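Here is what each chain is made of, one letter per residue.
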Amino acid sequence: MNKFWWQLPGPNSFLNKIINDIRDGRNVILCLPEHLPAGMDYGIRNCLDESERFSWCTIKIENNDSPYEKILSFFGLRDAITIGNQFEYLCNVESFMGRVIWLQNLNEINWVFWKDFLIQYEQACRSVPLIKRTIFLVPLVGKICKKAPEEDVCLSKRKWYGVVDSFDMLIFVNEMLREKEIPHLLKKLTVSVISSISLWDPKLASYFMNFDNKYIFKPNLVLEEYAKEMKWTADTNRDLSYGWDSGKINLIDGERKLHSAVLAINKDYREISKRIWNAEIGIMFPFVEERRQEILTILKDVLYVPFKTRFGEIIDDWKDLEIGHIEKQISSDNIPVSYELKRLISVLREIRNSLSHLEPLELSTLHYIESSNFVNLLKT
C-alpha cells in the first residue's frame, strides 16, 4: 500500500511542491519524521513527466564518503582539483547536467560533510541555466533535521508537518478494507475508528489489519504493542513542541496531536476513548436519526400526542418524538409492537445515550444492530 499512500491528496500535494521546486531549479531538503512509509522517491519520480529533461539518479552514501569524490566516482568524472573551482567544473560538465539526484542513507555522521557540500553547490547553481542544472533531493530523517541549512536562492526546505488530514486516512483505510467481507455499517465504523486512532500514521493503520474488531474498538493493548515496536517509552513530558522528529507528534486538521500509541503507553486512555467516540458519533448519530424517522412512520397511528416528557415538556407533533419517548410509550402502554422492534428501539436509545455522554459504543451493541436485520424490520 506504500505506492497508494503517496497518491493520496495530502501526500501527493507534498510531492507536487517538491516537483515545483525541481522545475524552479532549487535543490530540496526534505525534513522527515521517523517511521514515514517508504516510497517517497518513487512518488516523486512518478510525478515527473516523462517528457521532462531530468534524469533520475539514486546515490547511496557511506559514512566515510567524501561528497565531491563520491559524485565524481558515480558519474565517472576525473578529479577537477587541478582544473580550478570544483563546483564550477561539476556544474558545467555535460555528463552531470540535467539530473535529479536522490541522496540515500544520510545520517548524523555523514551529514556533516554533505551539508557543507550542498551549501557550496547551491551557490554554484545560481549561474547555471535551469535547463542544465542538476538538482539534489536530500531526505533528512529524525533529529538531523535540526541541522538542515536555511533556505536560499537555489535551496528549498520542505517539512513533513500537517501534510496528512483525516480524509487522507479515511481513503487509505477504506482501500485496505475494500475487499474484506464485513457488514456495511460495521465496515464504515471500522474505517472511521482506525482512521481516527491512526491520525497521520499509515503504518499504524496497516498494523490494525492484523487484529479483529474487538481490538480495534478497544485498542489500548494494540497501541501499547505498537509503541514497543516503534521503541517509544512512557514520557511524562506532554509538551506538544517535542517529539515531531520521532513521529510522536504532528499536525492534523489544523491541530497538534500526540500519536495514539504515545497516549497508550502514558495510560491516557480517556483521550483514546475520545478519538473512538469522535469516529463513531459521525456515523451512528445519523444512523439513529434515520431509524427514528422510519420507526415513527411505522408507529404513527399507535403513538399518541400530546406527550409529556419527564422534564415536563409537551410534544404536540408525533414527528418530534425522540427515540426515548417512543420506547416509553411502547413499554408502558398497550401498544402492539413486536419484540424485535422493541429490542431495536431500546438499543437505538442506548446508542444515543452513550454517544450523548461521550462514551464509545460496545462492540456487542454494534453486532446486534447488524444482526437485527433492521432494513427488513423497518420496511413500511
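Above this text is the structure in question.
About the cut-offs
Residues numbered from 1 in each chain as written. Predicted model: local features only at pLDDT ≥ 70, side-chain atom pairs only at ≥ 80, totals over all residues. Heavy atoms only, no water. Helix = DSSP H or I, 4+ residues; strand = E, 2+ residues; numbered from the N terminus. Rg over C-alpha atoms; globule rule 2.2 N^0.38 Å. Buried < 20%, exposed > 50% of the residue type's maximum accessible area, 1.4 Å probe, protein only. Phe/Tyr/Trp six-rings, centres within 6.5 Å; stacked < 30°, edge-to-face > 60°. Pairing = 2+ DSSP bridges. Axes fitted to C-alpha atoms, helices over the stretch in contact; angles between N-to-C directions. Contact = heavy atoms within 4.5 Å. Nonpolar A, V, L, I, M, F, W, Y, C, P; charged D, E, K, R; others polar. 1 Å grid on protein atoms, 1.4 Å probe; cavity = no way out; pocket = protein on both sides within 12 Å on 5 of 7 lines; lining within 4 Å. Points joined across faces, edges and corners; volume = space filled by probe spheres on them. Lys, Arg positive; Asp, Glu negative; His and termini not counted. Salt bridge = Lys/Arg side-chain N within 4 Å of Asp/Glu carboxyl O.

Asker: So, the overall build of the protein chain: which residues are in play, and what are the values?
Answerer: Within the protein chain, the regular secondary structure consists of 17 helices and nine strands. Its C-alpha radius of gyration of 29 Å places the protein chain more than 25% over the 21 Å reference for a compact globule of 380 residues. With the C-alpha coordinates of the protein chain rotated into their principal frame, the extents come out at 105 × 45 × 35 Å. Burial analysis of the protein chain (380 residues in total) assigns 49% to the buried set.

Asker: With reference to specific residues and values, describe the packing of aromatic side chains.
Answerer: A complete count under the given rule lists 20 aromatic pairs for this structure. For the ring pair F75 and F96, a centre distance of 5.4 Å and an interplane angle of 90 degrees mean the geometry is edge-to-face. With F75 in helix α4 (residues 67-75) and F96 in the loop between α5 (86-92) and β3 (99-104), this residue pair connects regions lying 21 residues apart in the sequence. With respect to class, F75 is no different from F96; both count as buried. A centroid spacing of 4.9 Å and a plane angle of 85 degrees characterise the contact between Y121 and F136, whose relative ring orientation is edge-to-face. Residue Y121 is located in helix α6 (residues 111-125), and its partner F136 is located in strand β4 (residues 135-141); the two are separated by 15 residues in the primary sequence. Exposure remark for F136: the relative accessible area of 0% places this residue in the buried category. Every member of this aromatic cluster is reached through a ring pair, and the members are Y68, F74, F75, F87, F96, W114, F117, Y121 and F136.

Asker: Please give an account of the sheet that holds β4 that cites residues and values.
Answerer: Strand order in the open sheet formed by five strands is β2-β3-β4-β1-β5, and the pairing between neighbours is parallel. Here the strands that pair on one side only, and so sit at the sheet edges, are β2 (55-60) and β5 (155-159). The sheet shows a mean angle of 20 degrees between the axes of neighbouring strands, direction not considered. Bridge count for β2 against β3 is six bridges, and the pairing is parallel. Across the sheet, T58 pairs through a bridge with W102, a residue of β3. Against the sheet, helix α2 (residues 9-23) touches β1 (27-32), β3, β4 and β5, its axis set at about 175 degrees to β5. Seen against the sheet, α6 touches β1, β3, β4 and β5 and runs at an angle of roughly 150 degrees to β4.

Asker: Describe the environment of K379, naming the residues involved and giving the relevant values.
Answerer: Looking at the secondary structure, you find K379 in the segment after α17 (374-377). Measuring from C-alpha to C-alpha, the distance between K379 and E294 comes to 8.1 Å, with 85 residues separating the pair along the chain.

Asker: Describe the packing of helix α8 (residues 184-198) against helix α16 (residues 363-371), naming the residues involved and giving the relevant values.
Answerer: In a packed pair of helices, the relevant descriptors are the angle between the two axes and the axis-to-axis distance. Close contact between α8 and α16 brings their axes to 8 Å; oriented N to C, the two are set at 145 degrees. Between α8, through H184, L185, L186 and L189, and α16, the contact on the second element is made entirely by L363, L366, H367, I369 and E370. By residue class, the composition of the contact of α8 with α16 is six nonpolar, two polar and one charged.

Asker: Now, about empty space enclosed by the protein: what can you tell me, with residues and values included?
Answerer: What the rule picks out here adds up to two cavities of 30 Å³ or more. Looking at the largest cavity, its volume works out to about 130 Å³. Residue lining of the largest cavity: 15 residues in total, with E34, H35, W200, D201 and G247 positioned closest to the centre. In the lining of the largest cavity, the residues fall into nine nonpolar, four polar and two charged.

Asker: Explain the environment of R158 residue by residue, including any values.
Answerer: Considering the arrangement of structural elements, one finds R158 in strand β5. Taking the relative accessible area as the measure of exposure, R158 reaches 24% and is therefore partly exposed. Residues R158 and H35, spaced 123 residues apart in sequence, show a C-alpha to C-alpha distance of 17 Å.

Asker: So what about the side chain of R99? Which residues, and what values?
Answerer: Along the chain, R99 turns up in strand β3. Put simply, R99 is tucked away with no salt bridge, and the nearest opposite charge, on E94, sits 9.6 Å away. Residues within four places of R99 in sequence aside, it is in contact with F54, S55, C57, F75, R133, T134 and I135.

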